[in-house]
Amino acid sequence: MLVYLNGEWLPDERARISVFDRGFTFGDGVYEVIPVYASRPFRVERHVARLKRSLGGTRIDTGYTDRQWFDLLDNLGQHLPMGEGSIYLQVTRGVSLRQHTFPARTPPTVFAYARPAIATANRDLAQGIAAALLADIRWARCDIKTTSLIANVLLTQEAADRGASEALLVRDNQVREGAASNVFAVRHGRLYTAPADHLILSGITRELVLELARQHAVDVIEESPTVEDVCTADEVLITSSGRGMLAVTTIDGAPVGDGRPGALFRLLYEALQTFKDAVRRGEVR
Ligand code: PDD
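The model shown is predicted, which means the values in this text are computed figures rather than measured ones.

1. A few points about the side chain of Arg 171
- Summarising the element assignment, Arg 171 is placed in strand S8 (residues 166-171).
- Residue class for Arg 171 comes out buried when judged on its relative accessible area of 15%.
- At 3.3 Å, the side chain of Arg 171 and the side chain of Asp 136 are in polar contact.
- In contact with Arg 171, other than residues within four places in its own chain, are Asp 136, Arg 138, Trp 139, Ala 140, Cys 142, Arg 176 and Leu 199.

Rendered as structure tokens:
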């Protein structure tokens, strides 16, 4: 696989970073995952805007212009075999002997590659997925898409150990998001999801799904549902760049609604597929 590393394109087995890279020693970096449809990066302006917010929030200055980010992402999309998959892009604070303060004059490490899509299991689409409620043990700047993902990793594994494929994260009795997704509850035809504040990652898929819901005259309420709201919801949905949209049909082993993906899931899932097809045809970005 060809990867991009600090301005160079090279086979992954030849790409090397230092053991003193702060991404390795501190998790001192940020990242993006950008879906690609027919070689076109999805909602690329929004992904670059979020990357810049993450870089700003962590005070990492790459000196890259928007044009450079767009060209890099377009290039990765063009070189993706079959044109369908996703781009992973990571920026770290670069290489320095281990000290917590920022190093002076060290260039950030910029790394990116594109990988082919992993198809969503038909069973997950047709039956929905199992989720587990877990206490949100992350820090208070979840709006920054940082590579320091130890809490998300532990939470996802804990969910997996309980037979669930996503963790629904609870703070102050409110369900904010998933360990790697945004979460929505459907109650009486209304769509509830946590506001895009510092306690969630403002998902690019989330934003689009809210737009699509409004276009279909669905009431959208950006307020965190409580644990009780989610457990007694008619439907629960998750969204992410990797998984698109999935229905959550059991929580801690108990069925959500009638235990099957519901009407609003089907409506929004279809709307999302239609949007992706328009991206494939180059009609929207
Ligand atoms: N994760 N919330 C968290 C904590 C996430 O990690 C993600 C995505 C999302 C959804 O954001 P988006 O729709 O922009 O993908 C929400 C990515 C896919 C990952 O870590 O692989």
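Still to come is the rest of the account.
2. A short note on the sheet that holds strand S3 (residues 29-37)
- An order of S2-S1-S6-S5-S3-S4 is seen for the six strands of this open sheet, with the pairing classed as antiparallel. The open sheet is flanked by strand S2 (8-11) and strand S4 (40-41), the only strands paired with a single partner.
- Here S3 runs beside S4; their pairing, made up of two bridges, is antiparallel. Bridge pairing in S4 links Val 36 to Pro 41.
- On the sheet, helix H2 (residues 44-58) packs against S3, S4 and strand S5 (85-92) and is oriented at approximately 175 degrees with respect to S3.
- Strand contacts of helix H3 (residues 66-78): strand S1 (2-5), S2, S3, S4, S5 and strand S6 (109-116), with the helix running at about 140 degrees to S5, the strand carrying the most contacts.

3. Section: the domain arrangement of the protein chain
- The domain boundaries assigned to the protein chain delineate domain 1 (2-116) and domain 2 (122-280).
- Domain 1 and domain 2 are separated by 26 Å when their C-alpha centres are compared.
- With 24 residues of domain 1 at the contact, the number on the domain 2 side is 18 residues.
- Roughly 2000 Å² is buried in total at the junction of domain 1 and domain 2, and carbon and sulfur atoms are behind 58% of that figure.
- Counting the surface domain 1 buries against domain 2, the share from its top three residues, Tyr 31, Arg 43 and Arg 50, is 32%.
- For the pair domain 1 and domain 2, the number of links is four salt bridges.

4. Structural notes on unusual backbone geometry
- A positive phi angle, close to 50 degrees, is found at Asn 6, a residue other than glycine.
- Mapped onto the elements of the fold, Asn 6 is located in the loop between S1 and S2.
- Exposure remark for Asn 6: the relative accessible area of 43% places this residue in the partly exposed category.
- Phi angles above zero are rare outside glycine, and Asn 173 is one such case at about 65 degrees.
- Mapped onto the elements of the fold, Asn 173 is located in the loop between S8 and strand S9 (174-178).

5. Describing the packing of aromatic side chains
- A complete count under the given rule lists nine aromatic pairs for this structure.
- When the ring of Tyr 37 is compared with that of Phe 42, the centres are 5.6 Å apart and the planes differ by 90 degrees; the resulting orientation is edge-to-face. With respect to burial, Tyr 37 and Phe 42 carry one shared label: buried.
- Taken together, a centroid distance of 6.0 Å and an interplanar angle of 90 degrees make the contact between Phe 42 and Phe 275 edge-to-face. Of this pair, Phe 42 sits in the loop between S4 and H2 while Phe 275 is found in helix H8 (residues 263-280), placing the two residues 233 residues apart along the sequence.
- Directly above the ring of Phe 102 sits Arg 93, whose terminal nitrogen or CZ lies 3.8 Å from the centroid.

6. Considering the nonpolar core
- One finds Leu 191, Leu 237, Met 245 and Leu 268 to be the most contacted residues of the largest nonpolar core, which totals 23 residues.
- Those elements giving two or more residues to this core turn out to be strand S10 (182-187), helix H6 (204-215), strand S14 (244-251) and H8.
- In terms of residue count, H8 provides more of this core than any other element does, eight residues in total.

Criteria and cut-off values
- Residues numbered from 1 in each chain as written.
- Predicted model: local features only at pLDDT ≥ 70, side-chain atom pairs only at ≥ 80, totals over all residues.
- Heavy atoms only, no water.
- Helix = DSSP H or I, 4+ residues; strand = E, 2+ residues; numbered from the N terminus.
- Buried < 20%, exposed > 50% of the residue type's maximum accessible area, 1.4 Å probe, protein only.
- Polar contact = N/O pair within 3.5 Å; in protein donor to acceptor, adjacent residues only side chain to side chain.
- Contact = heavy atoms within 4.5 Å.
- Pairing = 2+ DSSP bridges.
- Axes fitted to C-alpha atoms, helices over the stretch in contact; angles between N-to-C directions.
- Domains from an automatic or database assignment.
- Buried area = accessible area lost by both parts, 1.4 Å probe.
- Salt bridge = Lys/Arg side-chain N within 4 Å of Asp/Glu carboxyl O.
- Phe/Tyr/Trp six-rings, centres within 6.5 Å; stacked < 30°, edge-to-face > 60°.
- Lys NZ or Arg CZ within 6 Å of the ring centre and 35° of its normal.
- Core = buried A, V, L, I, M, F, W, Y, C linked by side-chain atoms within 4.5 Å.

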